[in-house]
Amino acid sequence: MRYRSAFLLLTVLPLVLLAEEGSKPAASGPPFDISSSTPHRIAMNLDTALARDFLTVVSGSPDAPGALRRLRASEPLEAGLELEKVPAEQFFGRLAASAAGSPDPLFAAIAANASLYGDWLSSFETQGPLLARATGLRIASLLPARPAVAAEIVILPVFGLARFKDMEAIPDGERLYFLVDLERLADTSKGSAVPREALLGVLRNGASSAWKILFDRGARGTPPWSPRAPEPLDAFLSRTVSDGTATLFLFADEFFPLSAFLEEPVARSFTAWNQIAEALLDEKRQSQGKKAANEAVRTDDFWKRHAAVVGAQMADAIIRTSGRGAFLDALAKGPGPVAALYITACKEKTYPPFSKPVRKHLEEKAVSGASADRK
């Protein structure tokens with residue numbers, strides 16, 4: 001199953017309304033807590049103006065000239081064009097032809113599906129604000145307390161821009177724009193996604209990407225997360241923990257706890273992850289292990305992204321057994337303390353474990369690290 005197909009599977013199933021979520025029992029529900037205060041100021045919202053203007057232009061509406069001027073004046077759109085290496089004059093030239101009554105063939109499919117996209121945008125406008133606010137609180141709930149983060153996340157639906165990704169991040173100081181390609185989203189869903197499902201998919205994808213960016217800006221830049229010459233397993237564990245926490249946001253609420261509802265694929269990822277980790281510990285097999293680790297981090301196949309799946313399971317289990325506060329404290333200290341907490345969680349409940357050689361190595365690292373701290 002390809003990554004985007006799996007992503008849609010995880011987002012189109014019935015969901016608990018995010019805005020109605022409070023503090024969940026540790027044994028069930030998603031591992032977020034939007035009712036507890038945090039030092040972070042994170043706001044998320046959706047802005048459909050660009051997409052509305054685009055549809056106005058390609059549909060040949062009388063309001064097309066004004067809409068085209070607004071598109072030309074959009075700084076996030078300009079930044080997105082530059083990032084995607086799309087010549088701005090070429091892009092706006094095609095739009096201008098459409099506004100003048102000569103539809104560009106590249107935009108014909110968008111114009112033909114204007115009604116579908118209009119329904120999606122209406123859903124974004126009516127249901128989006130409350131859901132986006134709750135999603136921003138979810139992001140804040142899984143960031144370490146220090147450093148405190150201030151960010152405004154703006155989801156901007158667009159067309160024909162993010163050619164290689166469903167979303168493209170455009171940082172602008174404390175503001176973080178995400179350009180969402182509705183045409184790609186429609187192609188991935190093959191017309192099956194209803195407006196609310198499309199909205200939830202966008203918010204989950206945005207939350208995952210935003211958390212990773214904000215975490216990388218803050219805690220991951222500290223020494224425990226970025227040693228000068230990390231050992232191969234340490235580097236793999238670092239990506240596992242950070243990618244895994246970000247991946248939590250992609251799962252529909254009904255899939256939690258992960259070990260219960262996704263037992264088989266999670267167990268498969270742990271088996272593959274342990275094999276990679278053991279190879280990284282063996283000098284004779286390190287080259288093979290590094291190649292496998294790279295594949296487990298970068299592949300487009302969701303269920304072969306073993307680092308992200310294992311990391312998500314680790315985070316979910318730790319929060320359920322030790323609490324969100326303990327998880328965030330460990331996350332601030334580095335990937336090693338997170339792994340140590342997961343080993344403890346496996347002693348309390350039946351979770352997919354690290355293999356014996358990997359667990360022994362991690363426990364020894366934890367002991368030596370604690371001794372160094374005391375000195």
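Relevant structure appears above.
Below is a short write-up of the structure. Treat the numbers as computed from the prediction; the structure is a model and nothing was measured. (Residues numbered from 1 in each chain as written. Predicted model: local features only at pLDDT ≥ 70, side-chain atom pairs only at ≥ 80, totals over all residues. Heavy atoms only, no water.)

## A closer look at the side chain of Ser-242
Logical step 1: Within the secondary structure, Ser-242 is located in helix H10 (residues 232-247).
Logical step 2: Residue Ser-242 is classed as buried on the basis of its relative accessible area, which comes to 0%.
Logical step 3: In terms of polar contacts, Ser-242 uses its side chain to reach the backbone carbonyl oxygen of Ser-238, at 3.0 Å. (Helix = DSSP H or I, 4+ residues; strand = E, 2+ residues; numbered from the N terminus. Buried < 20%, exposed > 50% of the residue type's maximum accessible area, 1.4 Å probe, protein only. Polar contact = N/O pair within 3.5 Å; in protein donor to acceptor, adjacent residues only side chain to side chain.)

## Things to note about the packing of aromatic side chains
Logical step 1: With the rule as written, the count across this model stands at 18 aromatic pairs.
Logical step 2: With 6.0 Å between their ring centres and 80 degrees between their planes, Tyr-117 and Trp-120 make a pair best called edge-to-face. Within this pair, Tyr-117 and its partner Trp-120 are both found in helix H7 (residues 114-141), separated by three residues, close to a single helical turn. Residues Tyr-117 and Trp-120 agree in their burial class; the two are buried.
Logical step 3: Taken together, a centroid distance of 5.4 Å and an interplanar angle of 40 degrees make the contact between Trp-273 and Phe-354 tilted. Residue Trp-273 is found in helix H12 (residues 263-281), and its partner Phe-354 is found in the loop between helix H16 (335-348) and helix H17 (356-374); the two are separated by 81 residues along the sequence. The pair formed by Trp-273 and Phe-354 is uniform in burial state, with each residue classed as buried.
Logical step 4: Chaining the aromatic ring pairs together yields one cluster made of Phe-54, Phe-91, Phe-92, Phe-107, Tyr-117, Trp-120 and Phe-159. (Phe/Tyr/Trp six-rings, centres within 6.5 Å; stacked < 30°, edge-to-face > 60°.)

## A look at the environment of Ala-277
Logical step 1: For Ala-277, the location among the structural elements is in helix H12.
Logical step 2: For the pair Ala-277 and Phe-354, spaced 77 residues apart in sequence, the C-alpha separation works out to 9.3 Å.
Logical step 3: Not counting chain neighbours up to four residues away, the residues in contact with Ala-277 comprise Leu-233 and Val-358. (Contact = heavy atoms within 4.5 Å.)

## Regarding the sheet that holds strand S2 (residues 150-158)
Logical step 1: The four strands lie next to each other as S1-S2-S4-S3, forming an open sheet whose pairing is mixed. Strands with a single pairing partner mark the edges of an open sheet, and in this sheet they are strand S1 (41-46) and strand S3 (167-172). Along the sheet, successive strands turn relative to each other by an average axial angle of 20 degrees, direction set aside.
Logical step 2: Note: S1 against S2, six bridges, orientation parallel. The partner of Ile-42 across the bridge, within S2, is Ala-151.
Logical step 3: Across the sheet, helix H4 (residues 75-83) is in contact with S2, S3 and strand S4 (175-181); its angle to S3 comes to roughly 120 degrees.
Logical step 4: Here helix H9 (residues 195-217) sits on the sheet and contacts S1, S2, S3 and S4; the angle it forms with S4, its principal contact strand, is near 140 degrees. (Pairing = 2+ DSSP bridges. Axes fitted to C-alpha atoms, helices over the stretch in contact; angles between N-to-C directions.)

## Details of helix H15 (residues 324-333)
Logical step 1: Of all the residues in H15, the buried ones are Arg-324, Phe-327, Leu-328, Ala-330 and Leu-331. For H15, the buried positions fall inside an angular range of 165 degrees around the axis, keeping them on one side.
Logical step 2: Those residues of H15 that are buried are in contact with H7, H9, H10, helix H14 (306-322) and H16.
Logical step 3: Where H15 ends, the next residue or the one after it, Gly-334, has phi of about 135 degrees, a positive value. (Arc of directions from axis to C-beta.)

## As for the pattern of salt bridges
Side chains bearing opposite charge may pair, as long as their charged atoms lie close to each other.
Logical step 1: Taken as a whole and judged by the stated rule, the model has 13 salt bridges.
Logical step 2: In this structure, Arg-52 and Glu-125 form a salt bridge, with 3.0 Å as the shortest nitrogen-oxygen distance. Of the two residues, Arg-52 is situated in helix H2 (residues 49-58) and Glu-125 in helix H7; the sequence distance between them amounts to 73 residues.
Logical step 3: Judged by relative accessible area, Arg-52 falls into the partly exposed class, the value being 29%.
Logical step 4: Judged by relative accessible area, Glu-125 falls into the partly exposed class, the value being 36%.
Logical step 5: Between Arg-70 and Asp-53 there is a salt bridge whose closest N-O contact spans 2.9 Å. You can see Arg-70 sitting in helix H3 (residues 64-72) and its partner Asp-53 sitting in helix H2, a full 17 residues away along the chain.
Logical step 6: The exposure class of Arg-70 is partly exposed, given its relative accessible area of 46%.
Logical step 7: On the basis of relative accessible area, Asp-53 is assigned to the buried category, the value being 9%.
Logical step 8: Salt bridges sharing partners connect three or more residues here, namely Lys-212, Asp-216, Arg-239 and Asp-243. (Salt bridge = Lys/Arg side-chain N within 4 Å of Asp/Glu carboxyl O.)

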